[in-house]
Structures are given as structure tokens and as C-alpha cells.
Amino acid sequence: MQGVQALSAINSRPTAVVIADQLRESIIIGAFGPGDQINEAQVANQLNVSRGPVREALHRLVQEGLLLSRPNRGVFVQELTVRDVAEVYEAREVIECAAAEIITKMLPEDRARIVDGMRPIIDRMHAPLARDDWAQLGRIDLEFHTALVSSAGNTRLARAYSTLATESLICLSSFPSAYPEPDRVIVGHTEIAELLLEGSMQQLHLALHRHLSLDDYELRSSGEDDALRHGRNE
């Protein structure tokens, strides 16, 4: 099932947000591939809605960077380059470190509450990891990191991170080397959670850097292997 056929009719009151969510999910799962055109009229017909909210939904996704609007040609799914992937992971490191720094300054009981909410997410990684279900594992992985950022309580960090999370899922499907080695998945996330609990920003910074650094040199935007991307090198 490809393109507009992957979308389902909206039975309740249609909104641009709901349409944008469906289109975003279709891009993530590959129903719309890189470079594909999304036809406003076809989407409206498939969802049984007027073209107005579809146009608004497409505009939202253009603003998020998932779609590209070409004058007199239409709207197309962005085609990610290796540099795009590197920029996504570098931006994630900056935002996650900023969020982590806020969390490490919280009271111990507040940090404990946050980590208690993240541990079940790590537990859910075991099953898809065992069956090599990288698509599902990627979603749970991003749920963990999104929870980290959201727990900082900074709405602007969370808003910026939401687009990066979506782009990360697309990166994982297009560039498998962007995902950590299997034996580091559980270990890496557990380490981050424990360091959040301890409140050790210096060690947490290094852990996030290792976790979000790409092994494939071509997927880096800089040749400096040990350069931290948030603040100064520790």
C-alpha cells in the first residue's frame, strides 16, 4: 500500500492537525518515499475532506521540514542526504543535553520520578530487539529520548525536538547505520537513565555524545570524532 492509499478516512470532525498526523506517519513508514509528490486533491479525496484543511496540513509539514514546496510544481517529500542525517543527530545531542542539564538541577526525588517513568520504556526495547524489529525498536527508542526532553519542562525544547524525532525515524529507515550497535541499545539507554538519576551532568554529557554519535564517518558533518556538540569538551 503506497502513497494516498495508505491514508484512512477521517470519521470524526476533520482537522488539519489530524490530517498532518496521518501524512507524517505515512512518510515515516515509507508510504510516501523521498522525492514523492503529495497531491492535495488526491489526499482530500482519499480522506473525504475539503482541500482547505489538507492545504493547511501540508503547510504544517513544510514548516516542519518534512515536505518541500516547489513553486508551480507542488509539494514533495524531502530527500535526506547523509549530511541531513548528521545534522539531525547533532541537533538532537544539543537539545537532549540542554534538557538533561535542567533535569540534573532538579531535586533528587524529582529526578527519581522522571527516571522511574523512563525505565518501563527501556524494558519494552527487549522484545523488538530480540526479534530484530528495528522499526518498532526505533519508535520506542525515540519515545525514551522524547520523554527525556519533555521531562525538562521546557516547552520550546520539546517543540523543537518533536520534529527531530520524526526526522530520526525517517533517518533510521533510510540510513540503518545511524542506529547504535545491537549490544549497545539497552546498555546505552540504561546508562543515560542512571546518570540522570545521579545528576552527574559531566558524565551524562559524555554518555549522550557517545549514544548519539554516528559510527559511519560519512554520516558526520564534522571530522572531529571527539568533539562534543553542547558546551565545551569536558
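Everything below is about the structure printed above this text.
Since the model is a prediction, treat every value here as computed from it, not as a measurement.

Novice: So what's going on with the packing of aromatic side chains? Residues and values would help.
Specialist: Within the structure shown, the criterion is met by zero aromatic pairs. Its guanidinium or amino end placed over the ring of Phe 76, Arg 70 lies 4.5 Å from that ring's centre, counting from NZ or CZ. Over the ring of Tyr 89 we find Arg 92, and its NZ or CZ is 5.2 Å from the ring centre.

Novice: Mind laying out the pattern of salt bridges, listing which residues take part and the relevant values?
Specialist: The tally for this structure, following the rule as stated, stands at 14 salt bridges. For Arg 83, the salt bridge goes to Glu 87, with nearest N and O atoms at 3.2 Å. One end of the pair, Arg 83, and the other, Glu 87, are both in helix α4 (residues 82-104), four residues apart, so they sit about a helical turn from each other. A residue is classified by how much of its surface remains accessible, and Arg 83, at 46% relative accessible area, is partly exposed. Three or more residues are tied together by salt bridges with common partners; here these are Asp 21, Arg 24 and Glu 64.

Novice: Hey, could you go over the side chain of Glu 93 for me, with residue numbers and the actual values?
Specialist: With respect to the helices, strands and loops of the structure, Glu 93 is situated in helix α4. A distance of 3.0 Å separates a polar atom in the side chain of Glu 93 from a polar atom in the side chain of His 209.

Novice: So what's going on with the packing of helix α7 (residues 134-151) against helix α9 (residues 182-198)? Residues and values would help.
Specialist: Across the interface, α7 lies against α9 with an axial gap of 12 Å and an inter-helix angle of 15°. Relative to α9, the element α7 is oriented roughly parallel. By crossing handedness, the relation of α7 to α9 is classed as left-handed. Every residue of α9 that contacts α7 at Trp 134, Leu 137, Asp 141, Phe 144, His 145 and Leu 148 is listed here: Pro 182, Val 185, His 189, Ile 192, Ala 193 and Leu 196. The residue makeup of the contact of α7 with α9, split by class, is nine nonpolar, two polar and one charged.

Novice: Go over the nonpolar core with me, naming the residues and quoting the values.
Specialist: Membership of the largest hydrophobic core comes to 65 residues, with the highest contact counts inside it found for Leu 23, Ile 38, Leu 148 and Leu 196. Counting contributing residues, this core receives three or more from each of domain 1 (14-77) and domain 2 (82-212). If we skip the residues at most four places from it in the chain, Ile 38 touches Leu 23, Ile 27, Phe 32, Val 43, Leu 58, Leu 67, Val 75 and Val 77.

Novice: Got a sec to walk through the pairing of strand β2 (residues 67-70)? Specific residues and values, please.
Specialist: Examined bridge by bridge, β2 and strand β3 (residues 74-77) share four bridges and lie antiparallel to one another. Directly across from Leu 67, in β3, lies its bridge partner Val 77. Here β2 folds back onto β3, and the loop between the two strands holds three residues, one of which, Asn 72, carries a positive phi near 65°.

Novice: Provide a residue-level description of the sheet that holds β2, including the pertinent values.
Specialist: Sheet strands associate in pairs through backbone hydrogen bonding, adopting either a parallel or an antiparallel arrangement. Spatial strand order, β1-β3-β2: three strands in an open sheet with antiparallel pairing. Lying at the two open borders of the sheet, with one neighbouring strand each, are β1 (37-38) and β2.

Novice: For the pairing of β3, give the residues involved together with the corresponding values.
Specialist: A regular strand carries its side chains on alternate faces of the sheet. Bridge analysis of β1 against β3 gives two bridges, and the strand direction is antiparallel. Bridge pairing in β3 links Gln 37 to Phe 76.

Each value, and the rule that gives it
Residues numbered from 1 in each chain as written. Predicted model: local features only at pLDDT ≥ 70, side-chain atom pairs only at ≥ 80, totals over all residues. Heavy atoms only, no water. Phe/Tyr/Trp six-rings, centres within 6.5 Å; stacked < 30°, edge-to-face > 60°. Lys NZ or Arg CZ within 6 Å of the ring centre and 35° of its normal. Salt bridge = Lys/Arg side-chain N within 4 Å of Asp/Glu carboxyl O. Helix = DSSP H or I, 4+ residues; strand = E, 2+ residues; numbered from the N terminus. Buried < 20%, exposed > 50% of the residue type's maximum accessible area, 1.4 Å probe, protein only. Polar contact = N/O pair within 3.5 Å; in protein donor to acceptor, adjacent residues only side chain to side chain. Axes fitted to C-alpha atoms, helices over the stretch in contact; angles between N-to-C directions. Parallel < 35°, antiparallel > 145°, perpendicular 65-115°, else oblique. Left-handed = near helix turned anticlockwise from the far one by under 90°. Contact = heavy atoms within 4.5 Å. Nonpolar A, V, L, I, M, F, W, Y, C, P; charged D, E, K, R; others polar. Core = buried A, V, L, I, M, F, W, Y, C linked by side-chain atoms within 4.5 Å. Domains from an automatic or database assignment. Pairing = 2+ DSSP bridges.

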